[in-house]
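Report on the structure
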Amino acid sequence: MAGNWSARTQLVHGGARRSQYGETSEAIFLTQGFVYPDAATAEARFIQAGPDEFIYARYGNPTVRMFEERMAQLEGAEDAFATASGMAAVHAALFSQLKAGDHVVAARALFGSCLFICETLLPRFGIEVSFVDGTDLAQWQAALRPGTRAVFLESMSNPTLEIIDIAAVSALAHAVGAVVIADNVFPTPVFQRCLALGADVVIYSATKHIDGQGRCLGGVVLGRRDFVRGPLETFLKHTGGALSPFNAWVMLKGLETLDLRCRAQAATAQTLAERLQGHPALARVIYPGLPDHPQAALARRQMQTGGTMLAFELKGGKPAAFRFLDALELVLISNNLGDAKSLVTHPATTTHQRLTAEQRTALGIGDGLVRLSIGLEDPDDLFTDIVRALVE
Ligand SMILES: Cc1ncc(COP(=O)(O)O)c(C=O)c1O
């Protein structure tokens, strides 16, 4: 798209390709393959496909390409490759550039499936992984060494909403020649641009805020063109993590409202965090937009807002947390996040059940901790539902 448009405009128009029919809404090219006018064209396309030329949907598809280009514009990335899910994106970003003998440093506060890849899968292929407290720069410095090939981190941790200083970690990683791969699901591309902060590769589960309405799985990896159209594309083409064209279309439609949704959700999260602070049933409220958050200044600098996620610890432990979840009428119990509907989860018994009690304690995941993904409902209705459930 011509012009130096702002992010909100790119989210509506970026990457659009129109067919000969001039459709307003992006078309879904629900096709596996593409036909060629003659054998010589097929041969030429296999040697070097042009930007509007496609071969097979596992390699690329016009609807998927629109989603990739819109995401790349939004993130300020040279290029992007869309994947079937967020985990396909994490898997490909790591395995496309690592080999036996490499060393990786990862932040220890990881989503369960990311932890499985780093703790179990990478070592199975001869890749050593060191884990650090992502908020402690001294630990990053101590773990990084010549020969460290990559750093992997979730830029805001789940469920305790700790924030990693991307610029500082990237500077330390680059000093030893390591690439920084950031999973930026929680802050969303609206509030945080990891590449501009110094990361080399950024990953999204598009399943979350990008769809934003709880429909389709999807993911995307963004970075420099030589990586995306080099080792990453080769890996994904041959291992089959491609995004379905239908899901790409849903994501494109989700992107049109991403900015509006995320800003509304973050504003509600901020309001709820402020109004819930000091509630007698709560031991603590965790929200990066509150001044008492351990990284409040970093959150302001890096994200401008506190984001769309909120957590709090009930004084009565697991029984109180379960009573609270069961008493909610508006907020739904679900381990998902980023939806238009507000969702609540009890991490200790669901998303983080696989961890040992010691690991949960180290990560600050107590039995009374609940995590809320704030949706698009009226903030007063959410507050009423939460406060009524806290006292029942
Ligand atoms: C931080 C983070 N990364 C990656 C994923 C994986 O995304 P998907 O479910 O689309 O595979 C999730 C999903 O919950 C997540 O929370």
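Further up the page is the structure itself.
Residues numbered from 1 in each chain as written. Predicted model: local features only at pLDDT ≥ 70, side-chain atom pairs only at ≥ 80, totals over all residues. Heavy atoms only, no water.

1. Comments concerning the sheet that holds strand 8 (residues 282–286)
Filter applied, for reference: In this analysis, strands are considered paired if DSSP registers two or more bridges between them. Helix and strand assignments come from DSSP, with helices taken as H or I runs of at least 4 residues and strands as E runs of at least 2, each series counted from the N terminus. Working rule for contacts: check all heavy atoms of both residues, and any pair within 4.5 Å makes them a contact. Helix axes are fitted to C-alpha atoms over the stretch in contact, other axes to C-alpha atoms as well, and angles between N-to-C directions run from 0 to 180 degrees.
Pairing is mixed in the open sheet, where 5 strands are placed in the order 8-9-12-11-10. The open sheet is flanked by strand 8 and strand 10 (332–333), the only strands paired with a single partner. In this structure, strand 11 (residues 343–345) lies alongside strand 12 (residues 369–373), joined through 3 bridges in antiparallel fashion. Within strand 12, the position partnered with Thr345 by the bridge is Arg371. Each of strand 9 (309–314), strand 10, strand 11 and strand 12 touches helix 14 (residues 317–327); the most contacted strand, strand 9, lies at about 130° to it.

2. Some remarks on the environment of Leu121
Looking at the secondary structure, you find Leu121 in helix 5 (residues 112–124). Measuring from C-alpha to C-alpha, the distance between Leu121 and His91 comes to 9.7 Å, with 30 residues separating the pair along the chain. Residues within four places of Leu121 in sequence aside, it is in contact with Phe95 and Phe116.

3. What about the state of the cysteines?
We apply this condition: For the purposes of this analysis, a disulfide is any pair of cysteine sulfur atoms at a distance within 2.5 Å. The classification of residues rests on relative accessible area computed with a 1.4 Å probe and restricted to protein chains. Under 20% of the type maximum is buried, over 50% is exposed, and intermediate values are partly exposed.
As enumerated under the stated definition, the model contains 0 disulfides in all. In this model Cys194 remains outside any disulfide bridge; the closest cysteine sulfur is found in Cys114, 14 Å from its own. Assessed through its relative accessible area of 0%, Cys194 is described here as buried. The thiol of Cys216 is not disulfide-bonded; the next cysteine sulfur, from Cys262, is found 17 Å away. The exposure class of Cys216 is buried, given its relative accessible area of 10%.

4. Section: the site of the ligand
How we decide: In these notes, residues near a molecule or strand are those with any non-hydrogen atom within 4 Å of it. Think of a polar contact as two N or O atoms within 3.5 Å of one another; within protein, one of them needs to be a possible hydrogen donor and the other a possible acceptor, and neighboring residues in sequence only count if both atoms come from side chains. Surface accessibility follows the Shrake-Rupley procedure with a 1.4 Å probe radius. Residue values consider only the protein chains on display as shielding.
Taken together, Ser85, Gly86, Met87, Phe111, Glu154, Asp183, Val185, Phe186, Ser205, Thr207, Lys208 and Gly218 form the complete shell of residues around the ligand. A distance of 2.9 Å separates an oxygen atom of the ligand from a polar backbone atom of Met87. Computed on the free molecule, the ligand has an accessible area of 390 Å², of which 90% lies beneath the protein chains in the complex.

5. Some details on the packing of helix 12 (residues 258–276) against helix 16 (residues 379–391)
Here is the rule we go by: In this scheme the handedness of a crossing depends on how the near helix is turned from the far one: anticlockwise by less than a right angle means left-handed, clockwise means right-handed. Classification used: nonpolar for Ala, Val, Leu, Ile, Met, Phe, Trp, Tyr, Cys and Pro, charged for Asp, Glu, Lys and Arg, polar for all others including Gly.
The N-to-C vectors of helix 12 and helix 16 enclose an angle of 35°; their axes lie 10 Å apart at closest approach. Crossing handedness for the pair helix 12 and helix 16: right-handed. Here helix 12 contributes Thr268, Leu272, Arg275 and Leu276 to the contact with helix 16, which in turn contributes Pro379, Asp380, Leu382, Phe383, Ile386, Val387 and Leu390. Partitioning the contact of helix 12 with helix 16 into residue classes produces 8 nonpolar, 1 polar and 2 charged.

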